[in-house]
Amino acid sequence: PYILREIGEMQVYVDAVLQRVGTAYSRAAWPVTVRTGTMQGLATHQAGVIIVPGPVRQVTMLHEVAHHLVGSGQEHGQVFLDAFCFLLEQEMGADIKNRLLYELR
């Protein structure tokens, strides 16, 4: 896992992730903008905008992209978890996904 430090780097990464998602999630075709801001020091997704407080880990960005893919109202339920796991495996590999899921339990 790596750290995304600059907004431009974050935007390029998010765009590439969404392109790799392809047709697996219809909302992958919807644009996402990455911006800096402060939401209690946390990254967040709101209506096609990912707001980050500063540098973020790759896994954090994938978390926010998963929110984008499933839409609002999904919180952190099974639909969100499925999308997040899909992204983790796609971008970081099955071993990282499985290790993270194990640690979260």
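A quick note: this is a predicted structure, and the numbers were derived from the prediction, not measured. (Residues numbered from 1 in each chain as written. Predicted model: local features only at pLDDT ≥ 70, side-chain atom pairs only at ≥ 80, totals over all residues. Heavy atoms only, no water.)

J.: Residues and numbers for the layout of surface pockets, please.
T.: Its volume calculated, the largest pocket comes out at about 250 Å³. In terms of lining residues, the largest pocket is bounded by 14 residues, among which His-45, His-67, Gly-71, Ser-72 and Gly-73 are the most central. For the lining of the largest pocket, the secondary structure elements donating two or more residues are strand 3 (44-46) and helix 2 (58-70). The element contributing the most residues to the lining of the largest pocket is helix 2, with 3 residues. Of the residues belonging to the lining of the largest pocket, the class tally is 2 nonpolar, 9 polar and 3 charged. (1 Å grid on protein atoms, 1.4 Å probe; cavity = no way out; pocket = protein on both sides within 12 Å on 5 of 7 lines; lining within 4 Å. Points joined across faces, edges and corners; volume = space filled by probe spheres on them. Helix = DSSP H or I, 4+ residues; strand = E, 2+ residues; numbered from the N terminus. Nonpolar A, V, L, I, M, F, W, Y, C, P; charged D, E, K, R; others polar.)

J.: So, unusual backbone geometry: which residues are in play, and what are the values?
T.: Residue Ala-47 is not a glycine yet carries a positive backbone phi of 50 degrees. Tracing the sequence through the fold places Ala-47 in the loop between strand 3 and strand 4 (49-52). Accessibility expressed as a relative area gives 83% for Ala-47, which makes it exposed. (Buried < 20%, exposed > 50% of the residue type's maximum accessible area, 1.4 Å probe, protein only.)

J.: Explain the pattern of salt bridges residue by residue, including any values.
T.: If charged atoms from side chains of opposite charge come close, those side chains can pair. Counted by the stated rule, this structure contains 2 salt bridges. Between Glu-91 and Arg-20 there is a salt bridge, with its nearest N and O atoms 2.7 Å apart. Here Glu-91 is found in helix 3 (residues 78-92), whereas its partner Arg-20 is found in helix 1 (residues 7-21), with 71 residues between them in sequence. Lys-97 is the salt-bridge partner of Glu-89, the closest N and O atoms lying 2.9 Å from each other. Given a relative accessible area of 40%, Glu-89 falls into the partly exposed group. The exposure class assigned to Lys-97 is buried, which follows from its relative accessible area of 15%. (Salt bridge = Lys/Arg side-chain N within 4 Å of Asp/Glu carboxyl O.)

J.: Give a detailed account of the packing of aromatic side chains, specifying residues and quantitative values.
T.: The full count for this structure, using the stated rule, is 3 aromatic pairs. Considering the side-chain rings of Tyr-2 and Tyr-13, the 5.8 Å spacing of their centres and the 80 degrees angle between planes classify their relative orientation as edge-to-face. One end of the pair, Tyr-2, is in the segment before strand 1 (3-4); the other, Tyr-13, is in helix 1, with 11 residues separating them in the sequence. Judged by relative accessible area, Tyr-2 falls into the partly exposed class, the value being 37%. Taking the relative accessible area as the measure of exposure, Tyr-13 reaches 8% and is therefore buried. Aromatic pair Tyr-25 and Phe-86: ring centres 5.5 Å apart, planes at 65 degrees, arrangement edge-to-face. (Phe/Tyr/Trp six-rings, centres within 6.5 Å; stacked < 30°, edge-to-face > 60°.)

J.: Can you tell me about helix 3, naming the residues and giving the values?
T.: Given a rise of 1.5 Å per residue, 15 residues ought to cover 21 Å, and the 20 Å separating the end C-alpha atoms of helix 3 matches this to within 8%. Those residues of helix 3 lying buried are Phe-80, Ala-83, Phe-84, Cys-85, Leu-87, Leu-88, Glu-91 and Met-92. Buried residues along helix 3 sit in contact with helix 1, helix 2 and helix 4 (94-104). With its phi angle positive at about 100 degrees, Gly-93 sits one or two positions after the end of helix 3. (Expected span 1.5 Å × (residues − 1). Contact = heavy atoms within 4.5 Å.)

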